[in-house]
Amino acid sequence: MISPQTKDATMGLVYGLLGVIIFSITLPATRIALTEFDPVFVGLGRAVIATGLSLILLITTRQPIPSWRFLPSFAVVVIGAVVGFPLLSTLAMRDASASYGAVIIGLLPLATALFGVLRAGEQPSIKFWIFAIAGSGLVITFALISGTGNIRFADLALLGAVFTASLSYAEGTVLARTFGSWQVVCWALVLSFPLVFPIVLLHLPSSFTNISSSAWIGFLYISCFSMFLGFFAWYRGLFLGGIAQIGQLQLFQPFLTILASTILLGEPMTFMTLGFAAGVLVCVALGRSAQFKSSK
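Residues numbered from 1 in each chain as written. Predicted model: local features only at pLDDT ≥ 70, side-chain atom pairs only at ≥ 80, totals over all residues. Heavy atoms only, no water.

*Asks:* Hey, could you go over empty space enclosed by the protein for me, with residue numbers and the actual values?
*Replies:* Going through the model one piece at a time under the given rule, you end up with three cavities of 30 Å³ or more. Lining the largest cavity we find 14 residues, and of these F23, F85, Y169, S226 and F231 sit closest to its centre. At the level of elements, α4 (71–92), α8 (153–179) and α10 (213–241) are the ones that each hand at least two residues to the lining of the largest cavity. Looking at the lining of the largest cavity residue by residue, the class counts come to nine nonpolar, four polar and one charged. Size it by volume and the second largest cavity reaches roughly 50 Å³. As for the second largest cavity, its lining consists of F23, T26, L27, F85, A102, I105, Q253, P254 and T257. (1 Å grid on protein atoms, 1.4 Å probe; cavity = no way out; pocket = protein on both sides within 12 Å on 5 of 7 lines; lining within 4 Å. Points joined across faces, edges and corners; volume = space filled by probe spheres on them. Helix = DSSP H or I, 4+ residues; strand = E, 2+ residues; numbered from the N terminus. Nonpolar A, V, L, I, M, F, W, Y, C, P; charged D, E, K, R; others polar.)

Given below as structure tokens:
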């Protein structure tokens, strides 16, 4: 008979993988949307669309309003998942390819694990840290080989996106213990609306009639999937499987993004990319075998 712990770990893996697959298309979809939309509109406008979907879900399921004492934690999720990562990654995509952005975002698993230790009380084993650092080292090496060799605004924006997203992942997972995974996402979006909506209004396109269908598809994808449905799966995976361990699945994300960039944008996929992908997959597999202690 399958133990509850094993079941949780398995379902955490399934939800985590689904979230990673959804998120892996975010950067290519963002670049498509940026061909005709303002960067700030793309970065924050997705939250406005997702807020509407969240309100519908919260009202129809009659979710209780969170207590004010949880507001600081929700503010962290808003700053990271609703504002920080979307806006910073979008600004970076003006100057960097989706493939290049993908390898910098590949630092998310290690950063997520660190915040999991600091915020959620998880205690990864030494074995985990060895393979987490090794996998992230491969990602950094790939970025250095593939990049220009100079620090650009895009690099700083992507690193800021990694920091804010990983912090919000850890904080959102803690909140999920009280409210549930999808409820955290929805309430964070609702709380962000008074801040985000006025800014989005200032960056509306002068006319919507000339926007192509491809730009709309890119924008609607990051609004409905990256900003809404993807977080449902991701926070649920982190909650069931543990922040540090499920967070390691995001080592797959750079290479899935590169694949999506090749298909959607025609960006090149090289043998070097495939070689680094294989190395990272090994680190993920070995890292997942590590044991964790958690306060959950």
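*Asks:* Account for the pattern of salt bridges, naming residues and giving values.
*Replies:* The final tally for this structure, using the stated rule, is one salt bridge. Note that E267 and R31 form a salt bridge whose closest N and O atoms lie 3.8 Å from each other. Of the two residues, E267 is situated in the loop between α12 (253–265) and α13 (271–288) and R31 in helix α2 (residues 26–34); the sequence distance between them amounts to 236 residues. The class for R31 is partly exposed, based on a relative accessible area of 27%. (Salt bridge = Lys/Arg side-chain N within 4 Å of Asp/Glu carboxyl O. Buried < 20%, exposed > 50% of the residue type's maximum accessible area, 1.4 Å probe, protein only.)

*Asks:* Can you tell me about unusual backbone geometry, naming the residues and giving the values?
*Replies:* Backbone phi values are negative for most residues with the exception of glycine, while trans is the configuration of most peptide bonds. Not every positive phi belongs to a glycine, and R62 is a case in point at roughly 55 degrees. The residue R62 is located in the loop between α3 (39–60) and α4 in this model.

*Asks:* An account of the packing of helix α5 (residues 98–105) against α8 is needed here, citing residue identities and associated values.
*Replies:* Contact geometry for α5 and α8: axes closest at 9 Å, N-to-C directions at 45 degrees. Comparing their axes, α8 and α5 come out oblique. For α5 against α8, the interelement crossing comes out right-handed. Side by side, α5 and α8 meet where Y100, G101, I104 and I105 of the first sit next to D155, L158, L159, A161 and V162 of the second. Residue composition of the contact of α5 with α8, by class: seven nonpolar, one polar and one charged. (Axes fitted to C-alpha atoms, helices over the stretch in contact; angles between N-to-C directions. Parallel < 35°, antiparallel > 145°, perpendicular 65-115°, else oblique. Left-handed = near helix turned anticlockwise from the far one by under 90°. Contact = heavy atoms within 4.5 Å.)

*Asks:* Which residues make up the packing of α4 against α10, and what values do they have?
*Replies:* Axis separation between α4 and α10 bottoms out at 13 Å; the angle between their running directions is 130 degrees. Between α4 and α10, the crossing angle belongs to the class labelled oblique. Viewed along their axes, α4 and α10 form a crossing whose handedness is right-handed. Listed contacts from α10 to V77, A81, V82 and P86 of α4 are M227, F231 and Y235. In the contact of α4 with α10, the residues fall into seven nonpolar, no polar and no charged.

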